[in-house]
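One-letter residues, chain by chain:
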Amino acid sequence: MKLMEYRIDAVVEAFSGAERVCVFTGAGASKESGLPTFREIDGEWKHYDPMTFATLEGFLSEPVQVWNMYRMRQRQIGEAQPNGGHSVIAQMERQYPHFLLVTQNVDDLHERAGSRKLVKIHGDCWGMRCLQCCETYDTRDFDFPAEFTTETLPICPKCEVLCRPDIVWFGEFVPDDAMHAAVWSSSTCDLMLVVGTSGEVSGGYGFVERAAMNGATIVEINPTEGILTQHAHIWVPEPAGVVLPKIWQCLTMYK
Ligand code: OAD
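Residues numbered from 1 in each chain as written. Predicted model: local features only at pLDDT ≥ 70, side-chain atom pairs only at ≥ 80, totals over all residues. Heavy atoms only, no water.

A.B. asks: Quick one: what's the story with the overall build of the chain, residue by residue and with numbers?
C.D. replies: In terms of helices and strands, the chain carries 10 helices and nine strands. Against the compact-globule benchmark of 18 Å for 255 residues, the chain has a radius of gyration of 19 Å, which places it among compact chains. Once the C-alpha set of the chain is aligned to its principal axes, its extents read approximately 60 × 30 × 30 Å. The 255 residues of the chain split such that 51% are buried. Total accessible area computed for the chain in this model is approximately 12,200 Å², and 53% of it derives from carbon and sulfur atoms. (Helix = DSSP H or I, 4+ residues; strand = E, 2+ residues; numbered from the N terminus. Rg over C-alpha atoms; globule rule 2.2 N^0.38 Å. Buried < 20%, exposed > 50% of the residue type's maximum accessible area, 1.4 Å probe, protein only. Areas by Shrake-Rupley, 256 points an atom, 1.4 Å probe, with all protein chains shown as cover.)

Quick look at the structure:
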């Protein structure tokens, strides 16, 4: 379908006619909260080699370096606050009876804004998982140092084997339950809102394509055109934290 020129009333109309909503977010959704994205000019993967910091092989060869990068991200995330876009998405779940937020973000800003109907397909930056028994833990429940050394790396309390960050790295699969929920929601929604993802990873999951094929209206919010924009009926080239509150305000007035 031809991409509509962006007009706020077209977006408001799409939302006001929707019943089953799937929101799909990526790193750009947390940009107005001060968190970096991955692939933009100053993104995480420009500073950290993903082969070391986002693969199991990298972790096994440099566990201290990798854990300390995640410790640093935990500090950044802990200091960040949800932005206006996160709060609008949290309000949406109370507006639409059929709603799911599918996020690739490992920060907890959606939850802190009030989102409860969500699946985190790439894991959670606060989580750790035992390499042997796969038990998961919240790192905040432990008295870990700000920086790890070989001697202080996180160890499973049950089997005393090294724990890894509970994040889906390159070459790994999204957990089944999260994947099923995301596939179901994207296949059955009548409106999909795509926020702040380049599609470099998520394009492979086919959520947006699937929603479009099943007749959903696709609204994308992203200042930059990307590989998912071809599926969008309406592309909103603006920062999510700024434009989502505007859209929500118009929608509330319209109702
Ligand atoms: P990317 O860094 O690939 O893409 C971020 C997108 O956000 C880009 O398309 C930007 O144009 C857009 N963007 C920037 N500022 C924005 C704003 N203010 N409002 C809306 N959009 C904005 O990040 P993801 O697509 O999320 O995996 O990356 C996917 C995965 O790759 C991540 O989950 C991560 C990474 O490897 C893990 O951490 C496991």
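A.B. asks: Now, about the side chain of serine 115: what can you tell me, with residues and values included?
C.D. replies: Along the chain, serine 115 falls in the loop between α7 (109–113) and β3 (118–120). Once residues within four sequence positions are removed from consideration, serine 115 is found in contact with Ile89, Ala90, Glu93, Leu101 and His110. (Contact = heavy atoms within 4.5 Å.)

A.B. asks: Just give me the short version of the domain arrangement of the chain, but keep the residues and values in it.
C.D. replies: In terms of domains, the chain is made up of domain 1 (1–34 + 82–122 + 174–255) and domain 2 (36–79 + 124–167). Opposite the 14 residues of domain 1 that make contact, domain 2 presents 14 residues. Of the roughly 1,000 Å² buried between domain 1 and domain 2, counting both surfaces, carbon and sulfur atoms make up 55%. Linking domain 1 to domain 2 there are three salt bridges. At the boundary of domain 1 and domain 2, one finds five residue pairs in polar contact (both at pLDDT 80 or more). Residues belonging to the side of domain 1 that touches domain 2 are distributed by class as follows: three nonpolar, four polar and seven charged. (Domains from an automatic or database assignment. Buried area = accessible area lost by both parts, 1.4 Å probe. Salt bridge = Lys/Arg side-chain N within 4 Å of Asp/Glu carboxyl O. Polar contact = N/O pair within 3.5 Å; in protein donor to acceptor, adjacent residues only side chain to side chain. Nonpolar A, V, L, I, M, F, W, Y, C, P; charged D, E, K, R; others polar.)

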